[in-house]
Amino acid sequence: ALRELRAFTEASLRPLLGETIALELDRALAGRLELAETALAALKLQYPDYGRRLEARYLERAALRMEDAAYRRLFAESVIGREVFNSLMRDLRARQREADREPRLDLGMEVDDLVRRVPLFAAIDEAGIREIAGLVKPRLGVPGELLVKRGTRGDRRMFFIASGAVEVDVPPKPVRLGTGDFFGELALLTRQPRNADVTMIGYGKLLVLEGRDFHRFLRAHPDVRERVHEVARARQGIRRGA
Ligand code: CMP
C-alpha cells in the first residue's frame, strides 16, 4: 500500500502540489517504506512461516486487483455481458474477502509448555501446571516495548518470561532478566507503585497473570509463594542498596 501511495504522489500529486512538497512527501514515504520493509524482514526472520504466508497474501491481493481490473476492461469493451461480469465479480469478491484476512500468527504458544519453562513452577504437579496455564495469558513482546512503567499504580499484573529478555531500569545500572524469570511481583505484594521501568529487549513470549489470580494461586501453593517472596525481598534489598 505504501508503494502504491508513492507511485500516486509521483504521478498525481506532483503536478498538483508542486515540486518541493511532492519531494518532501516522497521522502517521508520512502522513510516509512524502509521502516515497514525492515519490520517485515525482521518478522520473517523470527517467524519464517508467518513471513512467507504474509508475503503470499500480499501477492494474492495484488493478483486479485489485477483480475478485478481485467474483468472491468472486458466488460467495458463488451467482450463479456453484464450477467457474466456480475457472476465473475461475485466470485472475485468472495476470494478477496478471504485474502483480506490476515494469516494467523502462530507463536507456538502452547501455554502448558510455556508454563513449564518457568523454574518457579518446576516443582508443581501436572494439575498445578494446567491450573496456572488456565490463569495466564500468553503474549508476544516486541523489542523496546515498555511492559511496566515506574510509578504506575493499579497495574495489577505479573509477568513470566517464557522466552526472551527484558531490562529492568534500576539504579545504578539496569538489570536484565531472561527466560524463566518473572517480574512485576513487587507492586502486587507491597501494593506500592511499580518501582522500575521494564522494557523488552528483543522479541519474546510472556505469560501475564492478573493480580487476583496471583494471590489466589500463591495461597494454594505455599512453596511457590515462599520463592516469590524470597526473590522480591532480594530485589527490594538491591534497591535500598543493601
Ligand atoms: P514492580 O515494582 O511491580 O514493577 C517493576 C519490577 O521490576 C518489579 O516489580 C520487579 O519485578 C522488577 N525489579 C525491581 N527491582 C529489581 C532488581 N533489582 N532486579 C530485578 N528485578 C527488579
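As a reminder, the structure under discussion sits directly above these lines.
Because the structure is predicted, anything quoted here is derived from the model rather than measured.

Peer 1: Is there a simple way to explain the overall build of the chain in this structure?
Peer 2: Check the secondary structure of the chain and you find 9 helices and 6 strands. Taking all 242 residues of the chain together, 34% fall into the buried category. Relative to all contacts within the chain whose residues are 6 or more apart in sequence, the contacts with residues 24 or more apart total 71%. Carbon and sulfur atoms make up 54% of the accessible area of the chain, which amounts to about 14,900 Å² in all.

Peer 1: What's the story with the nonpolar core in this structure? I'm lost.
Peer 2: Considering soluble globular proteins, one finds that nonpolar side chains tend to be buried as a cluster. Counting residues in hydrophobic clusters, the biggest one holds 24 residues, and the most contacted among them are Val115, Leu120, Phe121, Phe160, Leu207 and Val224. Only helix 5 (111–116), helix 6 (126–135), strand 3 (157–168), strand 6 (198–210), helix 8 (211–220) and helix 9 (222–239) provide two or more residues apiece to this core. Formed by 14 residues, the second largest nonpolar core is a distinct cluster that contains Val148, Phe159, Met200 and Leu206.

Peer 1: Teacher, can you tell me more about the site of the ligand here?
Peer 2: Of all residues adjacent to the ligand, which total 15 residues, the nearest are Gly184, Glu185, Ala187, Arg194 and Asn195. At a separation of 2.6 Å, an oxygen atom of the ligand approaches a polar side-chain atom of arginine 194. In isolation the ligand offers 460 Å² of accessible surface; the protein chains occlude 98% of this area. Contributions of two or more residues to the shell around the ligand are made by helix 7 (185–190) and helix 9. Top contributing element to the shell around the ligand by residue count: helix 7, with 3 residues.

Peer 1: Could you clarify how one ought to interpret helix 6 in this entry?
Peer 2: Note on helix geometry: an α-helix contains 3.6 residues per turn, so any two residues three or four positions apart are oriented the same way. Along helix 6, the positions that sit buried rather than exposed are Gly128, Ile129, Ile132 and Ala133. Looking straight down helix 6, one finds that the buried residues subtend no more than 135 degrees of arc, so they occupy a single side.

Peer 1: Help me understand helix 8 in this model?
Peer 2: Gly211, Asp213, Phe214, Phe217 and Leu218 are the residues of helix 8 that are buried. All buried residues of helix 8 project into a common sector of 155 degrees when viewed along the axis, lining one side. Summarising the geometry of helix 8, the exposed residues directed more than 90 degrees from the buried face are Arg212 and Arg219.

Peer 1: Where do I start with the pattern of salt bridges in this structure?
Peer 2: Two side chains of opposite charge can pair, provided their charged atoms sit close to one another. Using the criterion set out here, one finds 16 salt bridges in the structure. When the shortest N-O distance is used, the salt bridge between arginine 116 and glutamate 126 registers 3.0 Å. On the criterion of sequence distance, the pair formed by arginine 116 in helix 5 and glutamate 126 in helix 6 is long-range, its members being 10 residues apart. Across the pair glutamate 226 and arginine 233 runs a salt bridge whose closest N-O atoms are separated by 3.6 Å. Overall, arginine 233 belongs to the partly exposed group, its relative accessible area being 49%. Several salt bridges share partner residues, and in doing so they unite Asp113, Arg116, Glu126 and Arg130 into one network.

Peer 1: What is the right way to read the side chain of aspartate 155 from this model?
Peer 2: With respect to the helices and strands, aspartate 155 occurs in the loop between strand 2 (146–148) and strand 3. Among the polar contacts made by the side chain of aspartate 155, one reaches the side chain of arginine 157 at a distance of 2.9 Å.

Peer 1: What is the right way to look at the pairing of strand 3 in this model?
Peer 2: Along a regular strand, successive side chains alternate from one face of the sheet to the other. With 10 bridges joining them, strand 3 and strand 6 adopt antiparallel strand pairing. Bridge pairing links valine 166 to methionine 200 in strand 6. Bridge count between strand 3 and strand 4 (residues 175–178): 4 bridges; the pairing is antiparallel. Within strand 4, the residue paired with valine 166 across the bridge is leucine 177. Count of turn residues in the strand 3/strand 4 antiparallel hairpin: 6 residues.

About the thresholds
Residues numbered from 1 in each chain as written. Predicted model: local features only at pLDDT ≥ 70, side-chain atom pairs only at ≥ 80, totals over all residues. Heavy atoms only, no water. Helix = DSSP H or I, 4+ residues; strand = E, 2+ residues; numbered from the N terminus. Buried < 20%, exposed > 50% of the residue type's maximum accessible area, 1.4 Å probe, protein only. Contact = heavy atoms within 4.5 Å. Areas by Shrake-Rupley, 256 points an atom, 1.4 Å probe, with all protein chains shown as cover. Core = buried A, V, L, I, M, F, W, Y, C linked by side-chain atoms within 4.5 Å. Near = heavy atom within 4 Å. Polar contact = N/O pair within 3.5 Å; in protein donor to acceptor, adjacent residues only side chain to side chain. Arc of directions from axis to C-beta. Salt bridge = Lys/Arg side-chain N within 4 Å of Asp/Glu carboxyl O. Pairing = 2+ DSSP bridges.

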